[in-house]
Amino acid sequence: MVRGLDHLVVAVNDLEAAGRAYEAIGFTVTPENQHPWGTANRLVQLDGFFIELLTVKEPEAIAETNGTAFSFGAFNRDFLKNREGASMLVLESHDAVQDREDFKRAGLKLFDPFSFERVANLPDGKTAKVAFDLTILQDPLSPGIGYFTCHNKYPENFWKPAFQKHENGARDIKTVFLVAGDPSDHHEFLGGFTGQREMRATSLGLEVQTPRGDISVLNPDAFRALVGEDAADALQGRLPQIAAIEITSAKVVEPKILPANQFLGLTLILSPESKQ
(Lines give C-alpha, C1' and ligand atoms only; values in the text may rest on other atoms or scores of the structure.)
Protein backbone atom coordinates (compact mmCIF):
# COMPACT_ATOMS: atom_id res chain seq x y z
CA MET A 1 0.00 0.00 0.00
CA VAL A 2 1.32 3.43 -0.96
CA ARG A 3 0.51 6.07 1.67
CA GLY A 4 -0.24 9.69 0.90
CA LEU A 5 0.83 12.73 2.88
CA ASP A 6 -1.43 13.32 5.90
CA HIS A 7 0.06 16.25 7.79
CA LEU A 8 3.14 18.10 8.91
CA VAL A 9 3.86 18.99 12.54
CA VAL A 10 5.33 22.49 12.85
CA ALA A 11 6.68 23.14 16.35
CA VAL A 12 6.36 26.75 17.53
CA ASN A 13 7.08 28.63 20.74
CA ASP A 14 3.98 30.83 20.67
CA LEU A 15 0.87 29.13 19.30
CA GLU A 16 -1.25 32.28 19.13
CA ALA A 17 1.47 34.22 17.32
CA ALA A 18 1.92 31.33 14.89
CA GLY A 19 -1.79 31.31 14.16
CA ARG A 20 -1.74 35.04 13.51
CA ALA A 21 1.23 34.64 11.16
CA TYR A 22 -0.64 32.09 9.06
CA GLU A 23 -3.81 34.18 9.11
CA ALA A 24 -1.84 37.25 8.00
CA ILE A 25 -0.93 35.53 4.74
CA GLY A 26 -4.45 34.34 4.05
CA PHE A 27 -4.85 30.98 5.77
CA THR A 28 -7.80 29.96 7.90
CA VAL A 29 -6.57 28.55 11.22
CA THR A 30 -8.66 26.41 13.58
CA PRO A 31 -9.21 27.25 17.25
CA GLU A 32 -6.79 25.81 19.78
CA ASN A 33 -7.04 22.13 20.74
CA GLN A 34 -5.23 20.54 23.68
CA HIS A 35 -3.58 17.15 24.12
CA PRO A 36 -3.50 15.27 27.43
CA TRP A 37 0.30 14.97 27.29
CA GLY A 38 1.09 18.68 27.53
CA THR A 39 0.96 20.04 23.98
CA ALA A 40 -1.63 22.11 22.14
CA ASN A 41 -2.27 22.74 18.47
CA ARG A 42 -4.03 24.83 15.87
CA LEU A 43 -4.51 23.46 12.36
CA VAL A 44 -4.48 24.64 8.78
CA GLN A 45 -6.68 22.22 6.82
CA LEU A 46 -6.28 21.72 3.08
CA ASP A 47 -7.87 19.06 0.90
CA GLY A 48 -7.00 15.89 2.83
CA PHE A 49 -3.80 17.33 4.32
CA PHE A 50 -3.16 19.70 7.18
CA ILE A 51 -0.41 21.69 8.88
CA GLU A 52 -0.37 21.14 12.64
CA LEU A 53 0.98 24.17 14.48
CA LEU A 54 2.06 22.71 17.80
CA THR A 55 3.44 24.12 21.03
CA VAL A 56 4.29 22.92 24.53
CA LYS A 57 1.38 24.07 26.71
CA GLU A 58 1.96 22.22 29.97
CA PRO A 59 5.58 21.05 30.24
CA GLU A 60 4.89 19.40 33.58
CA ALA A 61 2.51 16.96 31.85
CA ILE A 62 5.12 15.67 29.40
CA ALA A 63 6.41 12.14 29.90
CA GLU A 64 9.81 11.11 28.60
CA THR A 65 10.44 8.62 25.83
CA ASN A 66 11.22 5.32 27.53
CA GLY A 67 12.59 2.52 25.39
CA THR A 68 9.98 1.76 22.76
CA ALA A 69 7.38 4.04 24.39
CA PHE A 70 7.63 7.21 22.29
CA SER A 71 6.78 10.59 23.82
CA PHE A 72 5.23 12.97 21.28
CA GLY A 73 5.45 15.82 23.78
CA ALA A 74 9.09 15.23 24.70
CA PHE A 75 10.17 14.96 21.06
CA ASN A 76 8.67 18.34 20.19
CA ARG A 77 9.81 19.95 23.43
CA ASP A 78 13.38 18.91 22.65
CA PHE A 79 13.03 20.05 19.04
CA LEU A 80 12.04 23.52 20.25
CA LYS A 81 15.16 23.75 22.40
CA ASN A 82 17.06 24.21 19.14
CA ARG A 83 14.67 25.98 16.78
CA GLU A 84 11.12 26.34 15.49
CA GLY A 85 10.10 24.52 12.32
CA ALA A 86 8.72 21.30 10.89
CA SER A 87 9.48 18.53 13.36
CA MET A 88 7.46 15.56 12.08
CA LEU A 89 6.32 14.14 8.74
CA VAL A 90 3.07 12.18 8.84
CA LEU A 91 1.49 9.84 6.29
CA GLU A 92 -2.11 8.67 6.06
CA SER A 93 -3.19 5.32 7.43
CA HIS A 94 -6.16 3.14 6.57
CA ASP A 95 -5.19 0.38 9.00
CA ALA A 96 -2.67 0.82 11.82
CA VAL A 97 -2.21 -2.94 12.23
CA GLN A 98 -1.36 -3.30 8.55
CA ASP A 99 1.08 -0.39 8.80
CA ARG A 100 2.98 -2.15 11.58
CA GLU A 101 3.16 -5.36 9.59
CA ASP A 102 4.40 -3.50 6.52
CA PHE A 103 7.03 -1.60 8.48
CA LYS A 104 8.26 -4.76 10.21
CA ARG A 105 8.67 -6.50 6.85
CA ALA A 106 10.63 -3.48 5.63
CA GLY A 107 12.97 -3.75 8.62
CA LEU A 108 12.08 -0.33 10.03
CA LYS A 109 12.42 0.61 13.70
CA LEU A 110 9.01 0.87 15.39
CA PHE A 111 7.82 2.35 18.66
CA ASP A 112 4.86 1.01 20.64
CA PRO A 113 1.34 1.49 19.19
CA PHE A 114 -0.22 4.75 20.33
CA SER A 115 -3.87 5.79 20.23
CA PHE A 116 -5.61 8.82 21.69
CA GLU A 117 -8.78 10.87 21.69
CA ARG A 118 -9.32 14.59 22.11
CA VAL A 119 -12.05 17.20 21.80
CA ALA A 120 -12.14 19.12 18.52
CA ASN A 121 -13.38 22.70 18.48
CA LEU A 122 -15.63 23.17 15.44
CA PRO A 123 -16.33 26.26 13.26
CA ASP A 124 -19.78 26.76 14.79
CA GLY A 125 -18.43 26.78 18.34
CA LYS A 126 -19.55 23.22 19.11
CA THR A 127 -17.22 20.36 19.95
CA ALA A 128 -16.85 16.78 18.73
CA LYS A 129 -14.74 13.76 19.57
CA VAL A 130 -11.81 12.90 17.34
CA ALA A 131 -9.51 9.90 17.75
CA PHE A 132 -6.35 8.67 16.07
CA ASP A 133 -4.16 5.56 15.89
CA LEU A 134 -0.50 6.46 15.40
CA THR A 135 2.22 4.13 14.16
CA ILE A 136 5.50 5.83 15.06
CA LEU A 137 8.82 4.87 13.57
CA GLN A 138 12.36 6.14 13.32
CA ASP A 139 14.94 6.67 10.62
CA PRO A 140 18.32 6.36 12.42
CA LEU A 141 19.86 8.51 9.66
CA SER A 142 17.49 11.43 10.38
CA PRO A 143 17.05 11.48 14.18
CA GLY A 144 15.89 15.10 14.15
CA ILE A 145 12.73 14.21 12.21
CA GLY A 146 9.76 12.35 13.65
CA TYR A 147 7.80 9.99 11.41
CA PHE A 148 4.44 8.31 11.88
CA THR A 149 1.26 7.25 10.14
CA CYS A 150 -2.08 8.56 11.37
CA HIS A 151 -5.38 6.66 11.19
CA ASN A 152 -8.21 9.17 11.64
CA LYS A 153 -11.07 7.27 13.29
CA TYR A 154 -13.69 10.03 13.03
CA PRO A 155 -12.90 11.94 9.82
CA GLU A 156 -16.44 13.32 9.67
CA ASN A 157 -15.75 15.19 12.93
CA PHE A 158 -12.31 16.35 11.90
CA TRP A 159 -12.52 17.68 8.34
CA LYS A 160 -14.70 20.78 7.98
CA PRO A 161 -15.28 22.77 4.76
CA ALA A 162 -15.25 26.05 6.70
CA PHE A 163 -11.68 25.35 7.82
CA GLN A 164 -10.59 24.54 4.24
CA LYS A 165 -11.52 27.91 2.71
CA HIS A 166 -8.49 30.20 2.58
CA GLU A 167 -8.32 33.80 1.47
CA ASN A 168 -5.02 33.12 -0.31
CA GLY A 169 -6.62 30.39 -2.44
CA ALA A 170 -4.63 27.52 -0.87
CA ARG A 171 -6.01 24.15 -1.92
CA ASP A 172 -3.67 21.15 -1.98
CA ILE A 173 -0.35 19.91 -0.72
CA LYS A 174 2.10 19.59 -3.60
CA THR A 175 5.49 18.75 -2.06
CA VAL A 176 7.26 18.45 1.26
CA PHE A 177 10.98 19.17 0.86
CA LEU A 178 13.69 17.63 3.01
CA VAL A 179 17.32 18.71 2.80
CA ALA A 180 20.03 16.11 3.42
CA GLY A 181 23.75 15.92 2.85
CA ASP A 182 23.29 12.74 0.80
CA PRO A 183 19.65 12.21 -0.20
CA SER A 184 20.35 8.67 -1.39
CA ASP A 185 20.95 7.64 2.24
CA HIS A 186 17.21 7.88 2.83
CA HIS A 187 16.06 5.80 -0.12
CA GLU A 188 15.39 2.61 1.84
CA PHE A 189 13.63 4.27 4.77
CA LEU A 190 11.33 6.42 2.62
CA GLY A 191 10.52 3.46 0.41
CA GLY A 192 9.43 1.42 3.40
CA PHE A 193 7.64 4.34 5.08
CA THR A 194 5.59 5.39 2.05
CA GLY A 195 5.24 1.95 0.48
CA GLN A 196 6.42 3.55 -2.76
CA ARG A 197 9.48 1.64 -3.94
CA GLU A 198 9.63 3.41 -7.29
CA MET A 199 11.20 6.83 -6.92
CA ARG A 200 13.14 9.24 -9.07
CA ALA A 201 16.79 9.53 -8.08
CA THR A 202 19.32 12.00 -9.49
CA SER A 203 22.60 13.48 -8.36
CA LEU A 204 20.55 16.28 -6.77
CA GLY A 205 18.14 14.19 -4.74
CA LEU A 206 15.18 11.83 -4.47
CA GLU A 207 11.55 12.34 -5.41
CA VAL A 208 8.87 10.08 -3.96
CA GLN A 209 5.39 10.37 -5.43
CA THR A 210 2.47 9.50 -3.15
CA PRO A 211 -1.29 9.49 -3.68
CA ARG A 212 -1.39 12.91 -2.01
CA GLY A 213 1.66 15.07 -2.68
CA ASP A 214 5.33 14.30 -3.13
CA ILE A 215 8.32 14.00 -0.82
CA SER A 216 11.46 15.54 -2.28
CA VAL A 217 14.84 15.06 -0.61
CA LEU A 218 17.41 17.53 -1.94
CA ASN A 219 21.04 18.24 -1.25
CA PRO A 220 21.80 21.81 -0.09
CA ASP A 221 22.86 23.00 -3.55
CA ALA A 222 19.70 21.69 -5.18
CA PHE A 223 17.58 23.29 -2.46
CA ARG A 224 19.31 26.62 -3.03
CA ALA A 225 18.60 26.39 -6.75
CA LEU A 226 14.93 25.66 -6.02
CA VAL A 227 14.12 28.32 -3.42
CA GLY A 228 16.75 31.00 -3.95
CA GLU A 229 19.44 32.55 -1.79
CA ASP A 230 17.25 34.02 0.97
CA ALA A 231 15.36 30.84 1.72
CA ALA A 232 18.47 28.66 1.44
CA ASP A 233 20.39 30.94 3.81
CA ALA A 234 17.50 30.65 6.29
CA LEU A 235 18.22 26.96 6.93
CA GLN A 236 19.10 26.43 10.58
CA GLY A 237 20.09 23.33 12.50
CA ARG A 238 21.50 20.02 11.50
CA LEU A 239 20.66 18.01 8.42
CA PRO A 240 18.58 16.14 7.45
CA GLN A 241 15.62 18.37 8.15
CA ILE A 242 12.19 19.23 6.78
CA ALA A 243 13.00 22.52 5.09
CA ALA A 244 10.01 23.63 2.99
CA ILE A 245 6.45 22.92 2.01
CA GLU A 246 4.79 23.71 -1.33
CA ILE A 247 1.04 24.31 -1.48
CA THR A 248 -1.01 25.00 -4.59
CA SER A 249 -3.20 28.09 -4.72
CA ALA A 250 -6.04 29.10 -7.00
CA LYS A 251 -5.08 32.76 -6.62
CA VAL A 252 -1.38 32.95 -7.46
CA VAL A 253 -0.04 33.12 -11.02
CA GLU A 254 3.62 32.53 -10.18
CA PRO A 255 5.30 30.88 -7.18
CA LYS A 256 5.63 32.93 -4.01
CA ILE A 257 8.34 31.95 -1.53
CA LEU A 258 8.36 32.97 2.12
CA PRO A 259 11.76 32.07 3.67
CA ALA A 260 11.93 30.13 6.90
CA ASN A 261 13.53 32.96 8.87
CA GLN A 262 10.43 35.04 8.18
CA PHE A 263 7.95 32.25 8.81
CA LEU A 264 8.37 30.05 11.88
CA GLY A 265 11.35 28.05 10.65
CA LEU A 266 9.69 26.51 7.58
CA THR A 267 9.98 27.91 4.06
CA LEU A 268 6.54 28.20 2.48
CA ILE A 269 5.99 28.05 -1.28
CA LEU A 270 2.61 28.98 -2.77
CA SER A 271 2.47 27.83 -6.37
CA PRO A 272 -0.20 28.07 -9.10
CA GLU A 273 -2.52 25.15 -9.65
CA SER A 274 -1.47 23.11 -12.66
CA LYS A 275 -3.62 23.50 -15.76
CA GLN A 276 -5.24 20.27 -16.95
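One can find the structure itself at the top, above this paragraph.
Here is a short report on the structure shown in this document.

**Focus on the pairing of strand β12 (residues 205–209)**
In this structure, strand β11 (residues 200–201) lies alongside β12, joined through two bridges in antiparallel fashion. Of the residues in β12, the one forming a bridge with alanine 201 is leucine 206. Linking β11 to β12, which pair antiparallel, is a turn of three residues. By the bridge criterion, five bridges tie β12 to strand β13 (residues 214–218) in an arrangement that is antiparallel. By the bridge assignment for β13, glycine 205 is matched with leucine 218. Adjacent in sequence and paired antiparallel, β12 and β13 are bridged by four residues, among which glycine 213 carries a positive phi angle near 85 degrees.

**Comments concerning helix α3 (residues 96–105)**
Among the residues of α3, Ala96, Asp99, Arg100, Asp102 and Phe103 are the ones counted as buried. Considered in projection along α3, the buried side chains sweep an arc of 165 degrees and stay on one side of the axis. Away from its buried face by more than 90 degrees, α3 exposes Val97, Lys104 and Arg105. Contact partners of the buried residues in α3: β6 (109–110), β8 (127–138), β9 (146–152) and α5 (187–194). Remark: glycine 107 follows α3 within two positions and exhibits a positive phi of approximately 75 degrees.

**A word on unusual backbone geometry**
Excluding glycine, a negative phi dihedral is what most residues carry, and trans is how most peptide bonds are arranged. Residue proline 240 is bonded to the preceding leucine 239 through a cis peptide linkage, with omega at -5 degrees. In this fold, proline 240 is placed in the loop between α7 (229–233) and β14 (241–249). Here the phi dihedral of leucine 264 falls at roughly 60 degrees; this positive angle occurs in a residue that is not glycine. Topologically, leucine 264 is positioned in the loop between β15 (256–258) and β16 (267–272).

**Considering the environment of proline 240**
Taking relative accessible area as the criterion, proline 240 reaches 12% and is therefore assigned buried. Through-space distance from the C-alpha of proline 240 to that of arginine 105 is 25 Å; in sequence the pair is 135 residues apart. Sequence-distant contacts of proline 240, that is, excluding residues within four places in its chain, are made with Leu141, Ser142, Ile145, Val179, Ala180 and His186.

**Some words on the packing of aromatic side chains**
On inspection of all chains with the given rule, the structure shows 18 aromatic pairs. Linked through ring pairs, Trp37, Phe50, Phe72, Phe114, Phe116, Phe132, Phe148, Phe158 and Trp159 together constitute an aromatic cluster.

**Quick word on the pairing of strand β4 (residues 50–56)**
Burial of β4 is extensive: six of the seven residues sit out of reach of the surface. Note: strand β3 (residues 39–45) against β4, seven bridges, orientation antiparallel. Note on β4: the bridge partner recorded for arginine 42 is leucine 53.

**Considerations on the sheet that holds strand β10 (residues 170–179)**
Read from one edge to the other, the open sheet built from seven strands follows the order β11-β12-β13-β10-β14-β16-β15, with strand pairing classed as mixed. One side of each edge strand has no neighbouring strand; the edge strands of this open sheet are β11 and β15. Pairing of β14 with β16 involves six bridges; the strand directions are parallel. By the bridge assignment for β16, isoleucine 245 is matched with leucine 268.

The rules behind the values
- Residues numbered from 1 in each chain as written.
- Predicted model: local features only at pLDDT ≥ 70, side-chain atom pairs only at ≥ 80, totals over all residues.
- Heavy atoms only, no water.
- Pairing = 2+ DSSP bridges.
- Helix = DSSP H or I, 4+ residues; strand = E, 2+ residues; numbered from the N terminus.
- Buried < 20%, exposed > 50% of the residue type's maximum accessible area, 1.4 Å probe, protein only.
- Arc of directions from axis to C-beta.
- Contact = heavy atoms within 4.5 Å.
- Phe/Tyr/Trp six-rings, centres within 6.5 Å; stacked < 30°, edge-to-face > 60°.

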